[in-house]
Amino acid sequence: MNYKISKAAASLSPSLTLAIDAKAKAMKAAGEDVVGFGAGEPDFDTPQHIKDAAAKALAAGFTKYTPSSGIPELREAIAEKFKRENGLTYKPSQIIVSNGGKHSCFNVICATCEAGDEVIIPAPYWLSYPEMVKLAGAKPVIIQTSDKTEFKVTPEQLRAAITPNTRLFVLNSPSNPTGSVYTPEEIKALGDICVEKNVLIMSDEIYEHLLYDNAKVKSVASFSPAHFEHTIIVHGFAKAWSMTGWRLGFLAAPEPVAKAIDAVQSHSTSNPCSFAQKGGVAALTGPQDHLPKWLAEFDKRRRFAHTKLNSMPGISCVNAKGAFYLFPNISKTGLKSADFCAKLLEAEKVAAVPGIAFGADDYIRLSYATGMANIEKGLERIEKFCKTLAK
Ligand code: PLP
């Protein structure tokens, strides 16, 4: 049988992160002492009151289909979150709850982009954005940034990349993979250009609550009614409430876009898991005291790893102000990222993610969402590896 694979599906790149992860897991399973820096999820458990709310809903038989875009109670709690934390007024009908932030991104791109459209994505980018754009038949337009600008795209770069075909600009702050955080002024400058050029912004704010060094975030939607009308915010429960496995994310969009996304979701996945949504309500309306504790722990690890990395031969690392990743520059080691990570795993049994997966081959991504003992051990090994390269 000669299976026909659609052009869109055939255009996708297999995930390098998953390949490295699979290799590290296979080594672990074979009894090897592998240190993993690959995690894209907090190493803390979901807070108990959130688990209790979902368990209670499950026990009470809250196990049937819900409205496709989420239960009213959760959509209202999300609208309330945007008002309380971001000063943004959304009607619950503008909120769509999906099966994770990734699904929310996919819904946005699927509902707004098609063949002939261009989507501007600053690199280093979260690796799924360009693949989602390709799946929609549209064209990813990558703007390259580097550690010299803390991986931030400049207004001039954005302006130069916009063409009459530009449909969407993807903004992700705090960023995966770099941990970079735009200042409110920088965000506004980028938003101003999108308003002027009539380009929609997909603002992925899933790491909004994970901030260090007094960094402040302000949603691009919040600068003016025009900014609001040009923005779709993507968010989710995965990172700040450690709910990656729950598959629960959400978005807030102008009414016509929300309506289109509602239709897309109703014909693809239908509603996100019923009792997980009850957990989502508890996450937003319940106590938030877990967060300062997690942030203090992340911050300790971030500071330690940043200092240690900068003491290694061939490595330089700007400090991240958000999320739970560092993105050190390895170009002076003489290796490109995939080679560096493959050799590091082979020689020192440390799993890191090559920057090439995020469109930045001079870097690697290290997640510090793992215990301090692991971080210390893993960084010692990376140092040893870099010393062998420097010889
Ligand atoms: N956006 C960014 C930038 C991410 O890093 C992730 C997860 O790694 C997501 C969205 C999606 O997360 P989830 O689908 O688990 O909610």
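Residues numbered from 1 in each chain as written. Predicted model: local features only at pLDDT ≥ 70, side-chain atom pairs only at ≥ 80, totals over all residues. Heavy atoms only, no water.

Draft legend 1. Region of the structure containing the sheet that holds strand β6 (residues 200–204). The sheet built from seven strands is open, its strands ordered β2-β8-β7-β6-β5-β3-β4 with mixed pairing. Whereas interior strands pair on both sides, the edge strands pair on one side only; in this sheet they are β2 (95–98) and β4 (139–144). Direction aside, neighbouring strands of the sheet carry axes that sit 20° apart on average. With four bridges connecting them, strand β7 (residues 231–236) and strand β8 (residues 249–252) associate as antiparallel partners. Bridge assignment links I233 to a residue of β8, and that residue is A252. Each of β2, β5 (166–172), β6, β7 and β8 is contacted by helix α5 (residues 101–112), which is oriented at about 155° to β7, the strand it contacts most. Helix-sheet contacts for helix α8 (residues 184–197) involve β5 and β6, and the interaxial angle to β5 is about 170°. (Pairing = 2+ DSSP bridges. Helix = DSSP H or I, 4+ residues; strand = E, 2+ residues; numbered from the N terminus. Axes fitted to C-alpha atoms, helices over the stretch in contact; angles between N-to-C directions. Contact = heavy atoms within 4.5 Å.)

Draft legend 2. Molecular detail of the side chain of E208. Along the chain, E208 falls in the loop between β6 and α9 (225–229). Relative accessible area serves as the criterion here: at 9%, E208 is assigned to the buried category. A distance of 2.9 Å separates the side chain of E208 from the side chain of K81, its partner in a polar contact. Within the structure, the side chain of E208 is placed 2.7 Å from the side chain of H235, a separation counted as a polar contact. Sequence-distant contacts of E208, that is, excluding residues within four places in its chain, are made with K81, E85, N86, P174, V217 and H235. (Buried < 20%, exposed > 50% of the residue type's maximum accessible area, 1.4 Å probe, protein only. Polar contact = N/O pair within 3.5 Å; in protein donor to acceptor, adjacent residues only side chain to side chain.)

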